[in-house]
Amino acid sequence: MAFNHLPAGVHDALRPLSVRPVTHSVSMADNQIPRQAGIRPSPRAVLGRLSTGASRSTRITHTEHLPPRPGTHADWPSAIRPEVINAIRAVGIDRPWAHQARTAEHALRGESAVVATGTASGKSLAYLAPVLSTLLDGSEEPSGRGTTALYLSPTKALAADQRRAVAALTAPLGSGIRAAVYDGDTPVEEREWVRQYANYVLTNPDMLHRGILPGHPRWSSFLRALRYVVIDECHTYRGVFGSHVAQVLRRLRRVCARYGSSPVFLLASATASDPAVAAGRLTGVPVVEITEDGSPRGEVVFALWEPPLTELHGEQGAPVRRTATAESADLLTDLAVQGVRTVTFVRSRRGAELIALIAQERLAEVDRSLPDRIAAYRGGYLPEERRALEKALHSGELLGLAATTALELGMDIAGLDAVVVAGYPGTRASLWQQAGRAGRTGEGALAILVARDDPLDTYLVHHPDALFRQPVESTVLDPDNPYVLAPHLCAAAAELPLTEPDLELFGPATEELMPQLEQRKLLRRRAKAWHWTRRERAADLTDIRGTGGSPVQVVEAATGRLLGTVDAAAAHTTVHEGAVHLHQGRSYLVKQLDLDDSVALVEEATPPYSTTARDTTAISILETTTEIPWGDARLCFGSVEVTNQVVSFLRRKLITGEVLGESKLDLPPRTLRTRAVWWTVTDDQLEEARVHPQALGGALHAAEHASIGILPLFATCDRWDIGGVSIPLHPDTLLPTVFVYDGHPGGAGFAERAFHTAARWLAATREAIAVCECEAGCPSCIQSPKCGNGNDPLDKKAAIRLLTTLLAGAPEQPPTAE
């Protein structure tokens, strides 16, 4: 039997909520912060109110106080035009911070640079000052379009926010700056104007990949004059998505060279490890890093919050903590009652909907005017819905928002007092990015990390040094992944025939791939170049978000109204027939999933249950790239093939989590070729660890779950990016084997990072299991929320003994990354 743990898009359903009524001993007037008088709440005072009472105070496991920090000013480079400096002063900024001036200096010298400083440190102005100055210079040229610049952001929301900021800053500069957003929401009638006249185009990598580069002849005047490419929030370009974006940028550089331009890359990142190395791997050009933050910072109070154990019992009778979703909804409610403007970040779309809905219901018990000031924000909303929510948040009309990471990146949400993070977001970089949304005007801010019932979250709230005393992670991406590189070579050939000199631009794996693309008749060589000869668009060969196909449209059956979309990879588990789907606080039942037409038909309903998909997984080894001994055990890294099939779904009561029933599903299996790390143990080691045959499956399964949960401490991933399988006797190794694999075709670099840090990773895994206060295993240590086998069997004590024996044979000097 194989015990599996699937990656992103497979099990996105949340566990049921343990809802409790909210009672307040004071009136709304007593708690309302008199914001109109200019008084902002002290973060310590707000946290004190939240933790009032014996049950609440024990939930805070650690409080970190980050003291205020003074700023360091500098002077703008002399080449920045006076008009730009005056416009900056007009918005209240007399002098730049030191890192802003340094970034501008490099940009004006034609040197690509990455500014990697804290949230709200003014990174936007660091690149905007030189870009706007150069655009003004170009606007005075007697003929032609003048100099142009391209801005790339990972989300539409951030591009729209940047457009508003640029408009406010450039209003005094007249018609010299013509900024425009060009993305999937841009009306068709506006797109031609953008192509012909805009000199600062704000878009995203998806639009660059699918729209601008395939249609580059229509963009020729813009690309010919392209001086700067700004890449905002570049730390988000990691894993498969980052690898795709790296190849899109190489295609951009190639097309620009065709028109005679060689743009400078200016990148902005949250504080990151080795930002110049990561930025260079992303762009393919040498990059200078600016990491010394010259901006001031107000006091930050950061609390680690662990929900209490409930009287409920989950799968296999394990004790269950109150969910992070329910706990965060309570906190959002209480903060809203205090008048504290808050964003609650949630990992899933469904979680954002649930938190907003619960907070609205509870606020209605306090003040009928408050529910309308709480909303959800997530991907999959229609463009007009997103724009309305962003406007309401900026204006202060909204007091609280439950949002997915669609709102995490860079948006300048002025006036926020607090951030609640419902579950560790997967990386320290993301955690600090989310926490930094509050206090962006330099005043004090409160951040609260609410732990999920999960091994990593539990480990972190009891090991605060892992968050506050460790550097952020290095960005992992692999542009040479053949599953990533191949479709971009086809897209590049469709844009301009590929020649021998072009191959070096796309990396060392290119030369080996070209004959394969010819054999598959994707490319044809004529004379000295390779051509794309098919009728379909080459850019449609891949989805750079790595979701594995066209999004599934969620359509209301009775009206034909489009409610939103779901990633193709998530469709089997979230919009299968019979699934409960939430959208803007309303619940729907899925009546039909049509995979051929990528449509899920739903009807509004209010079932008293949630749904969770169940699945089976098999794995086979295709190639062992590296193998090292750990005593008698073996640690391996290589290529595998994973076959997964969703076979049924469970219906659970919303309040208790009780299973009401299981329904079979008839969905096709999906096959994934990827990279994995795996380890084996021998019979002698099992005897040494006192792991008897009847306990072996549970020991391996528990170790697999916990190791997946802890891996995000060592790689820039979260547990939804990776999967796992544990098998008491694997047919390829003929030994008990645990696999952890990347959840993307060709791999994403996470399993490789696990291989290179295996001793520390598995030691932390063992500790996380051993220190958990439960007796036989629970979601805080060895149970997984996405286990396809219902967390059965699991053996906590046997897993600890097994990992102890395994680690005893680990080499003193673990292998280092190349």
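What counts and how
- Residues numbered from 1 in each chain as written.
- Predicted model: local features only at pLDDT ≥ 70, side-chain atom pairs only at ≥ 80, totals over all residues.
- Heavy atoms only, no water.
- Helix = DSSP H or I, 4+ residues; strand = E, 2+ residues; numbered from the N terminus.
- Buried < 20%, exposed > 50% of the residue type's maximum accessible area, 1.4 Å probe, protein only.
- Contact = heavy atoms within 4.5 Å.
- Areas by Shrake-Rupley, 256 points an atom, 1.4 Å probe, with all protein chains shown as cover.
- Phe/Tyr/Trp six-rings, centres within 6.5 Å; stacked < 30°, edge-to-face > 60°.
- Lys NZ or Arg CZ within 6 Å of the ring centre and 35° of its normal.
- Pairing = 2+ DSSP bridges.
- Axes fitted to C-alpha atoms, helices over the stretch in contact; angles between N-to-C directions.
- Salt bridge = Lys/Arg side-chain N within 4 Å of Asp/Glu carboxyl O.
- Core = buried A, V, L, I, M, F, W, Y, C linked by side-chain atoms within 4.5 Å.
- pLDDT = per-residue confidence, 0-100.
- Patch = residues over 30% accessible without salt bridge, like charges linked within 9 Å, V, L, I, M, F, W, Y side chains within 5 Å.
- Lys, Arg positive; Asp, Glu negative; His and termini not counted.
- Charge placed at Lys NZ, Arg CZ, Asp CG, Glu CD.
- Expected span 1.5 Å × (residues − 1).
- Disulfide = S-S within 2.5 Å.
- Parallel < 35°, antiparallel > 145°, perpendicular 65-115°, else oblique.
- Left-handed = near helix turned anticlockwise from the far one by under 90°.
- Polar contact = N/O pair within 3.5 Å; in protein donor to acceptor, adjacent residues only side chain to side chain.

Peer 1: Describe the overall build of the protein, naming the residues involved and giving the relevant values.
Peer 2: Regarding its fold elements, the protein presents 27 helices and 31 strands. Per-residue burial over the protein gives 61% buried out of 818 residues. Here the analysis covers contacts within the protein between residues at least 6 apart in sequence; of these, 75% occur between residues at least 24 apart. Of the accessible surface of the protein, which amounts to about 31200 Å², a share of 50% is contributed by carbon and sulfur atoms.

Peer 1: Can you lay out the packing of aromatic side chains for me, pointing to particular residues and giving the numbers?
Peer 2: Tallied over the full model, the rule gives 10 aromatic pairs. Each ring, one from phenylalanine 637 and one from phenylalanine 755, has its centre 6.0 Å from the other, and the planes form 35°; the classification is tilted. One end of the pair, phenylalanine 637, is in strand β27 (residues 633-653); the other, phenylalanine 755, is in helix α25 (residues 750-756), and 118 residues separate them in sequence. Here phenylalanine 755 falls in the buried class, since its relative accessible area comes to 2%. Through a chain of ring-to-ring contacts, three or more aromatic side chains come together here, namely Tyr182, Trp219 and Phe222. The side chain of arginine 191 reaches across the aromatic face of tyrosine 182, ending 5.6 Å from its centre. A cation over an aromatic ring shows up here: arginine 525 above the ring of tryptophan 530, its NZ or CZ 4.2 Å from the ring centre.

Peer 1: Could you give an account of the sheet that holds strand β19 (residues 523-526), naming the residues involved and the relevant values?
Peer 2: Taking strand neighbours across the sheet as the criterion, the 3 strands line up as β18-β20-β19 in an open arrangement whose pairing is antiparallel. If you trace the sheet from one side to the other, it starts and ends with β18 (498-499) and β19, each paired once. Here β19 runs beside strand β20 (residues 529-532); their pairing, made up of 4 bridges, is antiparallel. Pairing of leucine 523 across the sheet is with tryptophan 532, part of β20. Contacting β18, β19 and β20, helix α19 (residues 482-495) crosses the sheet at an angle of about 95° to β20.

Peer 1: I'd like a rundown of the pattern of salt bridges, residues and numbers included.
Peer 2: Opposite charge on two side chains lets them pair, provided their charged atoms get close. According to the stated counting rule, one finds 33 salt bridges in the structure shown. Two residues, arginine 81 and aspartate 137, come together in a salt bridge whose shortest N-O distance is 2.8 Å. In this pair, arginine 81 sits in the loop between β2 (60-66) and α4 (82-90) while aspartate 137 sits in helix α6 (residues 123-139), placing the two residues 56 residues apart along the sequence. Residue arginine 81 is classed as buried on the basis of its relative accessible area of 13%. A salt bridge links aspartate 540 to arginine 537; the nearest nitrogen and oxygen atoms lie 3.3 Å apart. One continuous salt-bridge network, built from bridges that share partners, spans Arg59, Arg322, Glu327, Asp330 and Arg362.

Peer 1: Describe in detail the nonpolar core, supporting the description with residues and values.
Peer 2: Among the nonpolar cores identified, the biggest contains 105 residues, and Trp630, Trp679, Ile710 and Trp761 are the most heavily contacted of them. Here this core gets 9 residues from one element, more than from any other, and that element is helix α24 (residues 693-710). Among residues more than four places away in sequence, those in contact with tryptophan 761 are Val677, Ser707, Ile710, Leu711, Phe714, Val740 and Ala754.

Peer 1: I'd like a rundown of the confidence of the model for the protein, residues and numbers included.
Peer 2: The predicted structure's coordinates, where accompanied by low pLDDT, should not be read in detail. Mean pLDDT for the protein: 86, with 89% of residues reaching 70 or above. Counted against residues more than four places away or in other chains, residues 1-38, with its pLDDT under 50, gives 143 contacts. Confidence over residues 814-818 falls short of pLDDT 50; this stretch has 8 contacts with residues more than four positions distant or in other chains.

Peer 1: Explain a negative patch on the surface residue by residue, including any values.
Peer 2: Taken together, the side chains of Asp632, Asp683, Asp684, Glu687 and Glu688 make up a negatively charged region of the molecular surface. Of note, glutamate 688 is situated in helix α23 (residues 683-688).

Peer 1: Mind laying out α24, listing which residues take part and the relevant values?
Peer 2: The first and last C-alpha atoms of α24 sit 26 Å apart over 18 residues, in line with the 26 Å expected at 1.5 Å per residue. Of all 18 residues in α24, 16 are buried, a share of seventy percent or more.

Peer 1: Tell me about the environment of alanine 751, and name the residues and values.
Peer 2: Relative to the elements of secondary structure, alanine 751 occurs in helix α25. Along the chain, alanine 751 and tyrosine 741 lie 10 residues apart, while their C-alpha atoms are 5.8 Å from each other. Not counting residues within four places of it along the chain, the set of residues in contact with alanine 751 comprises Phe637, Arg675, Ala676, Val677, Val740 and Asp742.

Peer 1: Quick one: what's the story with the pairing of strand β4 (residues 148-152), residue by residue and with numbers?
Peer 2: Burial runs high along β4: 5 of the 5 residues are buried. Going residue by residue along β4, you find Thr148, Leu150 and Leu152 tucked away on one face and Ala149 and Tyr151 tucked away on the opposite face as well. The pairing of β4 with strand β6 (residues 200-203) spans 4 bridges and is classified as parallel. Residue pairing in the sheet places tyrosine 151 in a bridge with leucine 202 of β6.

Peer 1: Could you give an account of the sheet that holds strand β13 (residues 342-346), with specific residues and numbers?
Peer 2: Ordered by their spatial adjacency, 7 strands build an open sheet running β2-β10-β17-β16-β13-β15-β14, and the pairing between neighbours is mixed. Looking at the sheet topology across the chains shown, the edges are occupied by β2 and β14 (374-377). Strand-to-strand, the axes of this sheet are offset by a mean angle of 15°, without reference to chain direction. By the bridge criterion, 6 bridges tie β2 to strand β10 (residues 300-305) in an arrangement that is antiparallel. Along β10, the bridge assignment pairs histidine 62 with leucine 304. Those strands touched by helix α13 (residues 324-337) are β10, β13, β14, β15 (400-403), β16 (418-422) and β17 (445-450), and its axis lies near 170° from that of β16. Running over the sheet, helix α14 (residues 349-364) touches β13, β14, β15 and β16 and is turned about 175° from β14.

Peer 1: Before we move on, can you summarise the state of the cysteines with the specific residues and values?
Peer 2: Following the criterion strictly, the structure yields 0 disulfides and no others. Free of any disulfide, cysteine 781 has its nearest cysteine sulfur in cysteine 774, 3.6 Å distant.

Peer 1: Give me the lowdown on the side chain of glutamate 495, citing residues and values where you can.
Peer 2: By the element assignment, glutamate 495 lies in helix α19. Residue classification places glutamate 495 among the buried residues on the basis of a relative accessible area of 8%. Not counting the four nearest positions on each side in its chain, glutamate 495 is found in contact with Leu213, Pro214, His216, Arg251 and Val255.

Peer 1: Got a sec to walk through the packing of helix α26 (residues 758-771) against helix α27 (residues 796-808)? Specific residues and values, please.
Peer 2: Here α26 crosses α27 at 150°, and the two axes come no closer than 10 Å. It follows from the interaxial angle that α26 and α27 lie roughly antiparallel. Considering how the two elements wind past one another, α26 and α27 form a crossing that is left-handed. When α26 is examined against α27, the residues Ala759, Leu762, Ala763, Thr765, Arg766, Ile769 and Ala770 are found in contact with a partner set consisting of Lys796, Ala799, Ile800, Leu803, Thr804, Leu806 and Leu807.

Peer 1: Please set out the environment of glutamate 775 residue by residue, giving values where relevant.
Peer 2: Structurally, glutamate 775 can be placed in the loop between α26 and α27. On the basis of relative accessible area, glutamate 775 is assigned to the exposed category, the value being 58%. In contact with glutamate 775, not counting residues within four places along its chain, are Lys796 and Lys797. Within the structure, glutamate 775 has its side chain in polar contact with the side chain of lysine 797 (distance 3.1 Å).

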